[in-house]
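# Coordinates in review
Single-letter residue listing:
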Amino acid sequence: QPAGRGRFRGERARVFETAAGVRLVYQLSLRARTPILLLGGGQSGRALACTTPCGAEHAAWAGHTVLLVDRTNCGSSDVAYRGGAEVDEQAADLAELLDAIAAAAPPPWVFVGHSSGGRLLGRLAARRPDLACGLALLILTGGPAAA
């Protein structure tokens with residue numbers, strides 16, 4: 001099911017399978033300007049990324065490529081616990097997805113994450129700085145251990 005309204009209503013959901021066999025559901029709206037990866041918090045995935053105050057339909061993103069993802073264990077993507085820290089596994093999965101779509105949407109990306117989506121994108125930016133040229137963390141959660 002497509003998430004959100006406006007520009008994402010007509011964007012079909014796509015499926016990417018990682019090397020570990022985890023299926024990630026995403027929507028990609030290609031435009032000419034710097035690509036933006038938006039991640040919502042909690043278990044909401046693409047739906048929250050559309051409805052937060054700086055979500056996918058915000059005027060600031062007009063003209064930018066925007067990627068919405070149901071990260072592993074969220075939304076329509078696979079549930080997969082592989083024995084490591086969940087945030088590390090999700091960051092690795094997102095890196096694989098960004099590498100796979102690089103021909104259509106080359107890095108660097110601006111990462112915008114809300115709540116636990118921000119924590120995950122912070123981890124991804126630290127591990128793969130080649131993928132990010134900016135990082136916005138909105139309402140970061142997790143307490144002192146997440147910092």
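Note that the coordinates shown come from a computational prediction; the quantities given were computed from them, not determined experimentally.

The next subject is the sheet that holds strand β1 (residues 14-17). What the six strands build is an open sheet, ordered β1-β2-β4-β3-β5-β6; its pairing is mixed. With partners counted over all chains shown, the strands left at the sheet margins are β1 and β6 (132-138), one partner each. Averaged over neighbouring strand pairs, the angle between their axes works out to 25° when direction is ignored. Pairing analysis gives five bridges linking strand β2 (residues 23-29) to strand β4 (residues 64-70), with the strands arranged antiparallel. Directly across from Val25, in β4, lies its bridge partner Asp70. Across the sheet, helix α2 (residues 86-100) touches β1, β2, β3 (33-39), β4 and β5 (109-114), and the angle it forms with β4 is around 140°. Contacting β3, β5 and β6, helix α3 (residues 116-127) runs over the sheet at an angle of about 145° to β5.

In this section: the nonpolar core. In terms of nonpolar packing, the biggest core is built from 26 residues, with Leu67, Leu98, Trp109, Phe111 and Leu124 touching the most fellow members. No other element matches α2, which puts six residues into this core. Once residues within four sequence positions are removed from consideration, Leu67 is found in contact with Tyr26, Gln27, Leu28, Ile36, Leu37, Leu38, Leu97, Leu98, Ile101 and Trp109.

Counted under the stated rule, the structure contains seven salt bridges. Between Arg128 and Asp99 there is a salt bridge; the shortest N-O distance is 3.0 Å. With Arg128 in the loop between α3 and β6 and Asp99 in helix α2, this residue pair connects regions lying 29 residues apart in the sequence. Arg128 serves as the salt-bridge partner of Asp130, at 2.9 Å between the closest nitrogen and oxygen. Judged by relative accessible area, Arg128 falls into the partly exposed class, the value being 23%.

Relative orientation of the contacting elements α2 and α3 amounts to 65°, with a least axis distance of 9 Å. On the basis of their axis angle, the class for α2 and α3 is roughly perpendicular. Relative to α3, α2 is oriented so that their crossing is right-handed. Across the interface between the two elements, Val87, Asp88, Gln90, Ala91, Leu94, Ala95 and Leu98 from α2 touch Arg119, Leu120, Leu121, Arg123, Leu124 and Arg127 from α3. Residue classes in the contact of α2 with α3 are distributed as eight nonpolar, one polar and four charged.

Calculation criteria
Residues numbered from 1 in each chain as written. Predicted model: local features only at pLDDT ≥ 70, side-chain atom pairs only at ≥ 80, totals over all residues. Heavy atoms only, no water. Pairing = 2+ DSSP bridges. Helix = DSSP H or I, 4+ residues; strand = E, 2+ residues; numbered from the N terminus. Axes fitted to C-alpha atoms, helices over the stretch in contact; angles between N-to-C directions. Contact = heavy atoms within 4.5 Å. Core = buried A, V, L, I, M, F, W, Y, C linked by side-chain atoms within 4.5 Å. Buried < 20%, exposed > 50% of the residue type's maximum accessible area, 1.4 Å probe, protein only. Salt bridge = Lys/Arg side-chain N within 4 Å of Asp/Glu carboxyl O. Parallel < 35°, antiparallel > 145°, perpendicular 65-115°, else oblique. Left-handed = near helix turned anticlockwise from the far one by under 90°. Nonpolar A, V, L, I, M, F, W, Y, C, P; charged D, E, K, R; others polar.

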